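In case you want the letters, here they are:
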Amino acid sequence: MTLRPVLLACALCAAFAVPAPAQAQTRGLQEILADAPASAWRDLDPERTLYMDLEAGRVVIELAPAFAPAHARNIAALAHGHFWDGTSIYRVQDNFVAQFGDVDGEDPEKAKDLGRAARKLPAEFEREAAGLDFHRLPDADGWAPEVGFVDGFPAGRDPHEGKAWLAHCYGMVGAGRNAEPDSSIGAELYAVIGQSPRQLDRNITLVGRVVKGIELLSSLPRGPEPMGFYEDPAQRTPILSVRLASEVPAGERLRLQALRTDSAAFAELVEARRNRRDDFYKRPAGHIDLCNVMLPVRVAAD
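To start, this report covers the structure provided alongside it. Just so you know, these numbers come straight off a predicted model, no measurement behind them. (Residues numbered from 1 in each chain as written. Predicted model: local features only at pLDDT ≥ 70, side-chain atom pairs only at ≥ 80, totals over all residues. Heavy atoms only, no water.)

### Quick look at the overall build of the chain
Each helix and strand counted, the chain has five helices and 16 strands in total. When the 302 residues of the chain are sorted by exposure, 48% land in the buried category. Put simply, 71% of the contacts in the chain that link residues at least 6 apart link residues at least 24 apart. Within the structure as shown, the chain displays about 15600 Å² of accessible surface, and the carbon and sulfur contribution to it stands at 53%. (Helix = DSSP H or I, 4+ residues; strand = E, 2+ residues; numbered from the N terminus. Buried < 20%, exposed > 50% of the residue type's maximum accessible area, 1.4 Å probe, protein only. Contact = heavy atoms within 4.5 Å. Areas by Shrake-Rupley, 256 points an atom, 1.4 Å probe, with all protein chains shown as cover.)

### As for helix α5 (residues 264-274)
Along α5, the positions that sit buried rather than exposed are A265, F266, L269, V270, A272 and R274. The elements touched by buried residues of α5 are α2 (29-35), β8 (146-150) and β15 (256-259).

### Points about unusual backbone geometry
A cis geometry characterises the amide bond from E225 onward to P226, with omega recorded as 10°. Relative to the helices and strands, P226 resides in the loop between α4 (215-218) and β14 (237-244). One non-glycine residue, H82, adopts positive backbone phi at about 55°. You can see H82 is positioned in the loop between α3 (69-80) and β4 (88-92). In this structure H82 comes out as partly exposed when scored by relative accessible area, which is 43%. Of note in this structure, R202 is not a glycine but carries a positive phi near 65°. For R202, the position within the fold is in the loop between β12 (188-192) and β13 (206-212).

### Observations regarding the sheet that holds β14
Reading around the barrel, the eight strands line up as β2-β3-β13-β11-β12-β5-β4-β14 and close back on themselves, with antiparallel pairing between neighbours. On average, each strand axis in the sheet is tilted by 35° relative to the strand beside it, whichever way the strands run. Where strand β5 (residues 97-101) meets β12, five bridges bridge the pair, whose relative direction is antiparallel. In the strand pairing of β12, G101 is matched with E188. (Pairing = 2+ DSSP bridges. Axes fitted to C-alpha atoms, helices over the stretch in contact; angles between N-to-C directions.)

### Topic: the packing of aromatic side chains
All told, the structure shown has four aromatic pairs when counted by the stated rule. Ring geometry for F149 versus F266: centroids 5.2 Å apart, planes at 75°, classification edge-to-face. Taken together, the positions of F149 in strand β8 and F266 in helix α5 put the pair 117 residues apart, joining distant regions of the chain. On the numbers, 5.3 Å between centres and 80° between planes, the contact of F280 with Y281 is edge-to-face. (Phe/Tyr/Trp six-rings, centres within 6.5 Å; stacked < 30°, edge-to-face > 60°.)

### Points about the sheet that holds β8
Overall, antiparallel pairing links the five strands, which are arranged β6-β10-β9-β8-β7 in an open sheet. Looking along the sheet, the strands with just one partner apiece sit at the ends: β6 (127-128) and β7 (135-136). Both β6 and strand β10 (residues 163-166) contribute to a ladder of two bridges, which runs antiparallel. When the bridges of β10 are listed, R127 appears paired with A164.

### Examining the side chain of T261
With respect to the helices and strands, T261 occurs in the loop between β15 and α5. For T261, a relative accessible area of 9% puts it in the buried group. Engagement of the side chain of T261 in a polar contact is seen with the backbone nitrogen of G152, the distance being 3.2 Å. Among residues more than four places away in sequence, those in contact with T261 are H135, F149, D151, G152, F266 and L295. (Polar contact = N/O pair within 3.5 Å; in protein donor to acceptor, adjacent residues only side chain to side chain.)

### Considerations on the pattern of salt bridges
For the structure shown, the criterion picks out 18 salt bridges. Its salt-bridge partner being R27, residue E268 comes within 2.9 Å of it at the nearest N-O pair. Remark: R27 occurs in the loop between α1 (3-15) and α2 and E268 occurs in helix α5; sequence separation between them is 241 residues. Exposure remark for E268: the relative accessible area of 31% places this residue in the partly exposed category. In this structure, the salt-bridge partner of R157 is E146, at a minimum N-O distance of 2.7 Å. Here E146 lies in strand β8 and R157 lies in strand β9 (residues 153-158), a separation of 11 residues in the sequence. A relative accessible area of 22% places R157 in the partly exposed class. Through salt bridges with shared partners, a single network forms among R27, D35 and E268. (Salt bridge = Lys/Arg side-chain N within 4 Å of Asp/Glu carboxyl O.)

Function cannot be inferred from these measures alone, as they are strictly geometric.
Following this line, the structure appears as structure tokens:
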């Protein structure tokens, strides 16, 4: 009997409680980027930027020598030797990858002249985490104990193992290999064009990411199942050339800048996407997946 008045009082308190103040709206992407200072942007290094020119336009790839130094050097050497000029995109698998290069490029008996490029490379699936400027995301990840960004690249980290690795997010570029871990030299590359195949993390060497022109790869006609290889070579997309930006005349380069992932503007962008509080979103998620964090890239102002 003595509990009823208390319960009634609590019910009345709840009924007439002052509602919690609504969360303030977060700024949108365009506002964040418009207000980002010049120091929040970094110029792409022409020594580690590739231009892959197709008939439909240019695909720009930023290499990741901090994670795959041997592959980055070899890819630069292959580009210097015009290895990929006249090759093709020969595989497009739906919701997975677009693969390009020399179909026989990894076979030493059939490969074109590799010039000064190495014929054998180590597997570079992961590296020591020490020394990396790792900017961790606040949310849990199903594929790594910790995830975040290093120099603009999505990465995983295991603090107990002391290892870090790049993640297979949309637009990331990897080096195709055979069954042997050290069977890639960078002659066959692929870009992720579907839902992030994170099961490949720490199983294939990721060498960089597409920073501009990914739509030129993701919109290509799919090859037949199960693997997406074009049965008819005439269906392949020709590659006109692949060059290092540093070997392209300055007047022909794209002056691209990427938002620094160690900047306050990037941190605000991540939070704005974790908890969208504009008029459209009625329930903020309070979570973001590593591969759903975009890397803003812009053409530098003159």
